[in-house]
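Each chain, letter by letter, is given below.
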Amino acid sequence: MSVMQVLYFGFLVTIFIAIGLSLWKGGDPERAGAGVLLIMFMMTWFEGALIQTVGLSEEAMRTISVAEDLVGLAGFGLIAARARRLWPLLCTAMQLISVLTHVVHYLGVVNRPIVVVFMSQTPTFTATVCLIVGTIIHIRRSQRFGPERDWQDFRNLPSG
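Residues numbered from 1 in each chain as written. Predicted model: local features only at pLDDT ≥ 70, side-chain atom pairs only at ≥ 80, totals over all residues. Heavy atoms only, no water.

Novice: Talk me through the packing of aromatic side chains; I want residue IDs and the actual numbers.
Specialist: Throughout the structure, instances matching the rule amount to three aromatic pairs. On the basis of an interplanar angle of 45° and a centroid distance of 5.9 Å, the ring pair of F11 and F125 is categorised as tilted. Of this pair, F11 sits in helix α1 (residues 3–25) while F125 sits in helix α5 (residues 113–145); the two residues are 114 residues apart in sequence, bridging distant segments of the chain. A residue is classified by how much of its surface remains accessible, and F11, at 16% relative accessible area, is buried. Its relative accessible area of 32% is what places F125 among the partly exposed residues. A centroid spacing of 6.4 Å and a plane angle of 85° characterise the contact between F76 and W87, whose relative ring orientation is edge-to-face. Placement of F76 in helix α3 (residues 58–82) and of W87 in helix α4 (residues 87–107) is noted, with a sequence separation of 11 residues between them. The buried category is assigned to W87, whose relative accessible area is 5%. Here the basic side chain of K25 rests over the ring of W24, its NZ or CZ set 4.9 Å away from the ring centre. (Phe/Tyr/Trp six-rings, centres within 6.5 Å; stacked < 30°, edge-to-face > 60°. Helix = DSSP H or I, 4+ residues; strand = E, 2+ residues; numbered from the N terminus. Buried < 20%, exposed > 50% of the residue type's maximum accessible area, 1.4 Å probe, protein only. Lys NZ or Arg CZ within 6 Å of the ring centre and 35° of its normal.)

Novice: Can you lay out the packing of α3 against α4 for me, pointing to particular residues and giving the numbers?
Specialist: Relative to each other, α3 and α4 sit at 155°, their axes nearing to 8 Å. For the element pair α3 / α4, the angle class is roughly antiparallel. Handedness of the crossing formed by α3 with α4: left-handed. When the residues that make up the contact of α3 with α4 are grouped by side-chain class, the tally is 13 nonpolar, nine polar and three charged. (Axes fitted to C-alpha atoms, helices over the stretch in contact; angles between N-to-C directions. Parallel < 35°, antiparallel > 145°, perpendicular 65-115°, else oblique. Left-handed = near helix turned anticlockwise from the far one by under 90°. Nonpolar A, V, L, I, M, F, W, Y, C, P; charged D, E, K, R; others polar.)

Novice: How would you sum up α5? Please name residues and give values.
Specialist: Helix length check: α5, at 33 residues, gives a terminal C-alpha distance of 48 Å against a target of 48 Å (1.5 Å per residue), a fit within 8%. With its phi angle positive at about 85°, G146 sits one or two positions after the end of α5. (Expected span 1.5 Å × (residues − 1).)

Novice: Which residues make up the nonpolar core, and what values go with them?
Specialist: Within the largest apolar cluster, 22 residues are counted, with the highest numbers of intra-cluster contacts made by L37, F76, I79, W87 and C91. Contributions of two or more residues to this core are made by α1, α2 (28–53), α3, α4 and α5. Considering each element in turn, this core owes the most residues, six residues, to α1. (Core = buried A, V, L, I, M, F, W, Y, C linked by side-chain atoms within 4.5 Å.)

Novice: Tell me about the packing of α1 against α5, and name the residues and values.
Specialist: In the contact formed by α1 and α5, the axes pass within 9 Å of each other and the chain directions differ by 30°. As the angle between them shows, α1 and α5 are arranged roughly parallel. The way α1 lies across α5 gives a crossing that is left-handed. From α1, F11, T14, I15, I17, A18, L21, S22 and K25 reach across to α5, where they touch Q121, T124, F125, T128, V129, L131, I132, T135, I136, H138 and I139. Its residues assigned to classes, the contact of α1 with α5 comprises 11 nonpolar, seven polar and one charged. (Contact = heavy atoms within 4.5 Å.)

Novice: Please set out the environment of Y8 residue by residue, giving values where relevant.
Specialist: Checked against the element boundaries, Y8 lands in helix α1. Separated by 48 residues in sequence, Y8 and L56 place their C-alpha atoms 20 Å apart.

Novice: Describe the side chain of T128, and please don't skip the residues or the numbers.
Specialist: On the secondary structure map, T128 appears in helix α5. Not counting chain neighbours up to four residues away, the residues in contact with T128 comprise T14, I15, A18 and L37.

Novice: Go over the pattern of salt bridges with me, naming the residues and quoting the values.
Specialist: Pairing between side chains of opposite charge can happen when the charged atoms of each approach one another. On inspection of all chains with the given rule, the structure shows six salt bridges. Linking E30 and R85 is a salt bridge whose minimum nitrogen-to-oxygen distance equals 2.7 Å. Placement of E30 in helix α2 and of R85 in the loop between α3 and α4 is noted, with a sequence separation of 55 residues between them. Summarising the burial analysis for this pair, E30 and R85 share the class buried. Across the pair R85 and E148 runs a salt bridge, and its minimum N-O distance is 3.8 Å. Taken together, the positions of R85 in the loop between α3 and α4 and E148 in the segment after α5 put the pair 63 residues apart, joining distant regions of the chain. With a relative accessible area of 8%, R85 lands in the buried category. Three or more residues are tied together by salt bridges with common partners; here these are E30, R85, R141, E148 and D150. (Salt bridge = Lys/Arg side-chain N within 4 Å of Asp/Glu carboxyl O.)

Here it is as structure tokens:
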């Protein structure tokens, strides 16, 4: 196995741990985060299937990759706007870095494919680890203090 295959396998294991743990023991925000990761993973899987069957152009692969990172940014951003957790803010920041990597690549600042892959995949991996850590913190806090509110309630804020 090459180094890239080992890294890819580790990335897959981390994603499956994050999704499984969050769905099994997480609160509503963690489950929503698992949903975002699952959608992103399915987009990546779909891209890989298209590459093997149809043979996508480099531009088509970039478009799918940008769409995947935009889905992650929007999904984690929506969770961060309402969840009473810190991890969604970190995941949103990581996905913003991934999206900005695509912008930098399109502007021609970075032209080496390995650099673009590293700059766009590392933040997504970090967001996945943030979800795992956030879920563990939620589990420990719930065991220690009992159930907690998952979502921010904006109805009680003063208007005007």
